[in-house]
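# Fold and geometry: a report
For reference, the chains in residue letters:
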Amino acid sequence: MIQRAKEGYYNGGRVLGYDSVNKHLVIYEEQAHIIRLIFDYAEQNLGYKAIVNCVNTMGYKTKRGNPFPFNTIKTILDNPIYIGKIRFNMYKN
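Nothing here was measured: the structure is a model prediction, and the numbers come from that model.

In terms of nonpolar packing, the biggest core is built from 16 residues, with L16, I38, F68, I76 and Y82 touching the most fellow members. Sorting the residues of this core by element identifies α2 (29-43), α3 (48-57) and α4 (70-78) as the ones contributing at least two each. Here this core takes five residues from α2, the largest share from any one element. When near neighbours in sequence (up to four residues on either side) are disregarded, Y82 contacts V15, L16, Y18, I35, F39 and I76.

Written out as structure tokens, the structure is:
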């Protein structure tokens, strides 16, 4: 799995805005606009709570169909996958 990550392959897990097709991430447009919206709000210097309120007020849901919690917004904004990088084995031991 470490070698796969070094080669830029995705090792699994749910990522909002993407679907896994044959172990490759493919943009899922029905959700990708939510990610773009979240990053647009962050560029406008809105805080996590403000972004959560905006996204939930608009009726958007997470990949599991739940309202967005604070931590999910923070995780999305901190996730390097949204700039085209694969992260794996972030914590050792």
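Before going further, it helps to examine the packing of aromatic side chains. Following the criterion strictly, the structure yields three aromatic pairs and no others. Through pairs of rings, three or more aromatic residues link up here, namely Y18, F39 and Y82.

On to unusual backbone geometry, then. Residue N45 is not a glycine yet carries a positive backbone phi of 65 degrees. Topologically, N45 is positioned in the loop between α2 and α3. Judged by its relative accessible area of 72%, N45 is exposed.

Put simply, side chains in a regular strand alternate between the two faces of the sheet. Relative to strand β2 (residues 24-27), strand β1 (residues 18-21) is paired through four bridges, and the arrangement is antiparallel. Pairing of S20 across the sheet is with L25, part of β2.

With respect to the helices and strands, the residue V15 is situated in the loop between α1 (2-6) and β1. When the C-alpha atoms of V15 and Y28 are compared, they prove to be 9.9 Å apart, with 13 residues separating the residues in sequence.

Applying the stated criterion to the full structure yields three salt bridges. Between R36 and E29 there is a salt bridge, with its nearest N and O atoms 3.3 Å apart. For E29, a relative accessible area of 47% translates into the label partly exposed.

It is worth spelling out α2 at this point. Look at α2: 21 Å from first C-alpha to last across 15 residues, which is about the 21 Å you get at 1.5 Å a residue. When α2 is considered as a whole, its buried residues turn out to be Q31, A32, I34, I35, L37, I38 and Y41. Contact partners of the buried residues in α2: β1, β2, α3 and α4. Following α2 by one or two positions, N45 adopts a phi angle in the positive range, close to 65 degrees.

In this section: the confidence of the model for the protein chain. For the protein chain, per-residue confidence averages 84 on the pLDDT scale, and residues scoring 70 or more make up 84% of the total. Within the protein chain, the element-level pLDDT minimum falls on α1, averaging 71, and the maximum on α3, averaging 97.

Closest axis-to-axis distance for the α2/α3 pair is 10 Å, and the angle between their directions is 145 degrees. Helix-helix and strand crossings are classified by hand; for α2 and α3 the assignment is right-handed. Packed against α2, whose contacting residues are I34, I38, Y41 and A42, the element α3 presents I51, C54 and V55 at the interface. Grouping the constituent residues of the contact of α2 with α3 by class yields seven nonpolar, no polar and no charged.

The rules behind these values
- Residues numbered from 1 in each chain as written.
- Predicted model: local features only at pLDDT ≥ 70, side-chain atom pairs only at ≥ 80, totals over all residues.
- Heavy atoms only, no water.
- Core = buried A, V, L, I, M, F, W, Y, C linked by side-chain atoms within 4.5 Å.
- Buried < 20%, exposed > 50% of the residue type's maximum accessible area, 1.4 Å probe, protein only.
- Helix = DSSP H or I, 4+ residues; strand = E, 2+ residues; numbered from the N terminus.
- Contact = heavy atoms within 4.5 Å.
- Phe/Tyr/Trp six-rings, centres within 6.5 Å; stacked < 30°, edge-to-face > 60°.
- Pairing = 2+ DSSP bridges.
- Salt bridge = Lys/Arg side-chain N within 4 Å of Asp/Glu carboxyl O.
- Expected span 1.5 Å × (residues − 1).
- pLDDT = per-residue confidence, 0-100.
- Axes fitted to C-alpha atoms, helices over the stretch in contact; angles between N-to-C directions.
- Left-handed = near helix turned anticlockwise from the far one by under 90°.
- Nonpolar A, V, L, I, M, F, W, Y, C, P; charged D, E, K, R; others polar.

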